[in-house]
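This is what each chain is made of:
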Amino acid sequence: MRRIIGIGIQDFEKIVTNHNFYVDKTLFIKEWWENHDEATLITRPGRFGKTLNISMVERFFSVEYAGQGEVFKGLDIWKEEAYRALQGTYPVIRLSFASVKGTRDYKDMYRLMCRMLYEQYSHYRFLLDKEGLMDEKERELFQAVSRDMDEDIAVMSLNMLSKLLMRYYGRKVLILIDEYDTPMQEAFVCGHWDEMASFMKNLFHAALK
């Protein structure tokens, strides 16, 4: 059957289940995993498929899709028995900064960043119900993450969330960040490069180091 090219589809599951035309890039998962890199930066032109690949990696590894590997059947990665066993076994934090734009004020951009971080915490609020997972200080910091939190809390938010998820699931967390450069481009154009560069550097350093 002739496959339709679904232009602009950035969701891996959607493109596969809709039977759209898809160039099988799933062996990227194996190549990336076997490099054992602590951090990977992928720089490619727009429309190259970065977001689709991030969606693919999340869909493969995330514990939220445990036991749902059928979407990879027939693709190259599913022919690798060792990798079939890895599907759905890691906690994953996925962030996209694509929407952090459209404002000329650093405070407004910072507020957008806080909203995105708060949404991550809202998704994982079940961690608060796990007895013994956090001490009182950690519980206080978890609940301090909000749309208008102080910058020091925002900077450490990904660091703390990844630690809590590692404790909960017993495995290190994969952090997938898309459109990391969008806030930087906006900040450069709007004249608050120094403030945004400082915040992003501290956020990524705390989370990834």
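Just above sits the structure.
All values derive from a computational prediction rather than experimental measurement.

Asker: Quick one: what's the story with helix α8 (residues 182-190), residue by residue and with numbers?
Answerer: Helical geometry: 3.6 residues make up each α-helical turn, so side chains three or four residues apart lie on a common side. Along α8, the residues classified as buried are Thr-182, Pro-183, Met-184, Ala-187 and Cys-190. Tucked inside the fold, the buried residues of α8 contact α5 (106-123) and α9 (193-208). Just downstream of α8, Gly-191 is the residue with a positive phi angle, here 90°.

Asker: With reference to specific residues and values, describe the nonpolar core.
Answerer: Phe-97, Leu-127, Phe-142, Met-196 and Phe-199 are the most contacted members of the largest nonpolar core, which totals 41 residues. Of all the elements in the fold, those that place two or more residues in this core are β1 (92-96), α5, α7 (151-169), β2 (174-178), α8 and α9. Element by element, the count of residues in this core is highest for α5, at nine residues. For Phe-97, the residues in contact, after removing those within four places along its chain, are Met-113, Met-116, Ile-177, Asp-178, Glu-179, Tyr-180, Thr-182, Pro-183, Met-200, Leu-203 and Phe-204.

Asker: Quick rundown of the packing of aromatic side chains? Include the residues and the values.
Answerer: Taken as a whole and assessed by the stated rule, the structure comprises 18 aromatic pairs. Summarising the aromatic geometry, the rings of Trp-33 and Tyr-90 are spaced 5.2 Å apart at their centres and angled 70° between planes, so their arrangement reads as edge-to-face. Highlighted residues: Trp-33 in helix α2 (residues 27-35) and Tyr-90 in the loop between α4 (81-84) and β1, separated in sequence by 57 residues. Taking relative accessible area as the criterion, Trp-33 reaches 23% and is therefore assigned partly exposed. Taking relative accessible area as the criterion, Tyr-90 reaches 14% and is therefore assigned buried. Three or more aromatic residues joined by ring pairs make a cluster, and in this case those are Phe-12, Tyr-22, Trp-32, Trp-33, Phe-60, Phe-61, Phe-72, Trp-78 and Tyr-90.

Asker: Please provide a residue-by-residue account of the pattern of salt bridges, values included.
Answerer: Opposite charge on two side chains makes pairing possible when the charged atoms of those side chains draw close. What the rule picks out here adds up to seven salt bridges. For Arg-59, the salt bridge identified is with Glu-13, shortest N-O distance 3.3 Å. With Arg-59 in helix α3 (residues 50-61) and Glu-13 in helix α1 (residues 12-17), this residue pair connects regions lying 46 residues apart in the sequence. What makes Arg-59 buried here is its relative accessible area of 4%.

Asker: A description of the packing of α5 against α7 should follow, citing residues and the corresponding values.
Answerer: In helix packing, the relevant descriptors are the interaxial angle and the interaxial distance, both defined with respect to the helix axes. As a packed pair, α5 and α7 sit with axes 11 Å apart at the nearest point and diverge in direction by 30°. With respect to α7, the element α5 is oriented roughly parallel. The handedness of the crossing between α5 and α7 is left-handed. Here Tyr-106, Tyr-110, Cys-114, Leu-117, Gln-120 and Tyr-121 of α5 come into contact with α7, specifically with Glu-151, Ala-154, Ser-157, Leu-158, Met-160 and Leu-161. Looking at the contact of α5 with α7, its residues break down into nine nonpolar, two polar and one charged.

Definitions and cut-offs
Residues numbered from 1 in each chain as written. Predicted model: local features only at pLDDT ≥ 70, side-chain atom pairs only at ≥ 80, totals over all residues. Heavy atoms only, no water. Buried < 20%, exposed > 50% of the residue type's maximum accessible area, 1.4 Å probe, protein only. Helix = DSSP H or I, 4+ residues; strand = E, 2+ residues; numbered from the N terminus. Contact = heavy atoms within 4.5 Å. Core = buried A, V, L, I, M, F, W, Y, C linked by side-chain atoms within 4.5 Å. Phe/Tyr/Trp six-rings, centres within 6.5 Å; stacked < 30°, edge-to-face > 60°. Salt bridge = Lys/Arg side-chain N within 4 Å of Asp/Glu carboxyl O. Axes fitted to C-alpha atoms, helices over the stretch in contact; angles between N-to-C directions. Parallel < 35°, antiparallel > 145°, perpendicular 65-115°, else oblique. Left-handed = near helix turned anticlockwise from the far one by under 90°. Nonpolar A, V, L, I, M, F, W, Y, C, P; charged D, E, K, R; others polar.

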